Amino acid sequence: MTELTFAILKYGFLALLWVFVWLAIRSLNKEITAFSPRPSRARRRREKAAREAVSVSPQPTAPRGVSGNAEHNAGPTLLVVIDGPIAGVSVPLGHQAITLGRAASNTMVLDDEFVSSHHASVAPDPDHARWIIHDLHSTNGTVVDGQRISSPTILEPRVPVRIGATTFELR
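Residues numbered from 1 in each chain as written. Predicted model: local features only at pLDDT ≥ 70, side-chain atom pairs only at ≥ 80, totals over all residues. Heavy atoms only, no water.

From N to C terminus, the chain includes three helices and 11 strands. Ordered by position from N to C terminus, the α and β elements of the chain give α-α-α-β-β-β-β-β-β-β-β-β-β-β. Per-residue burial over the chain gives 26% buried out of 171 residues. Long-range pairs, those at least 24 residues apart, make up 33% of the contacts in the chain between residues at least 6 apart in sequence. (Helix = DSSP H or I, 4+ residues; strand = E, 2+ residues; numbered from the N terminus. Buried < 20%, exposed > 50% of the residue type's maximum accessible area, 1.4 Å probe, protein only. Contact = heavy atoms within 4.5 Å.)

Strand order in the open sheet made by the five strands is β4-β3-β5-β6-β9, with mixed pairing throughout. Of all the strands in the sheet, just β4 (108–109) and β9 (153–155) have a single pairing partner and so form its edges. Relative to strand β5 (residues 120–125), strand β3 (residues 98–101) is paired through three bridges, and the arrangement is antiparallel. Counterpart to T99 in the pairing with β5 is S121. (Pairing = 2+ DSSP bridges.)

Where strands meet in a sheet, backbone hydrogen bonds hold them as pairs that are either parallel or antiparallel. Here six strands make up an open sheet; going across it, the order is β2-β1-β11-β10-β7-β8 and the pairing antiparallel. Lying at the two open borders of the sheet, with one neighbouring strand each, are β2 (90–92) and β8 (147–148). Note: strand β1 (residues 78–83) against strand β11 (residues 166–170), four bridges, orientation antiparallel. Note that in β11 the partner of V80 across the bridge is E169.

Turning our attention to unusual backbone geometry. The backbone of H137 sits at a positive phi, close to 55°, despite the residue not being glycine. Mapped onto the elements, H137 comes out in the loop between β6 (130–135) and β7 (143–144). For H137, a relative accessible area of 77% gives the class exposed. In this model, R158 sits at a positive phi of 65°, which is unusual for a non-glycine residue.

Right, let's get into the pairing of β3. Of the strand pairs in this sheet, β3 and β4 are connected by two bridges, and their pairing is parallel. In the sheet register, G101 faces β4, and the bridge partner there is V109.

This part takes up the nonpolar core. Of all hydrophobic cores here, the largest spans 21 residues; its most connected members are L79, V122, I133, L155, I163 and F168. Taken together, the elements giving at least two residues each to this core come down to β1, β3, β5, β6, β10 (161–163) and β11. (Core = buried A, V, L, I, M, F, W, Y, C linked by side-chain atoms within 4.5 Å.)

Let us now look at the pattern of salt bridges. For the coordinates displayed, the defined rule picks out three salt bridges. With a closest N to O distance of 3.2 Å, R130 and D125 form a salt bridge. On the basis of relative accessibility, which here comes to 30%, the residue R130 falls in the partly exposed class. Of the charged contacts, one joins R158 and E169 as a salt bridge, the two residues approaching to 3.4 Å between their closest N and O atoms. Residue R158 is found in the loop between β9 and β10, and its partner E169 is found in strand β11; the two are separated by 11 residues along the sequence. (Salt bridge = Lys/Arg side-chain N within 4 Å of Asp/Glu carboxyl O.)

Pasting the structure below:
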């Protein structure tokens, strides 16, 4: 075998090795990004459209003699799923706690591998007419307005709460 043939084979195998390494890294990257809980492009578009619709929609005027804060004082009446597998689903808020998790015994069942069987509960605070969210020692945690919570937290209207791939808010 000539020296030129040997050099061509050596560099050819080296190039083939680097192509294999690049393909393996690309495959791993695709696997990781497929399971990462980042918002998709479609979700970001929907959220942007929702924000624009809320900021553009005219506010209803209150009849004479009715305070403009009457709706604000009444508090939220719905728990609305704004993103995830069950987006659009809403649960009316009453005087009972709403439980969220994978188990069928929950008020809202979230079929997601990143959700614990009894993940969190949203309960009314009877003394102050507000709602409090409790993380029920879940493995992956509950995120309120971008912050993972470890203790009961007051849940304000229109503040996003993420549990696994599901995001909801009070309205």
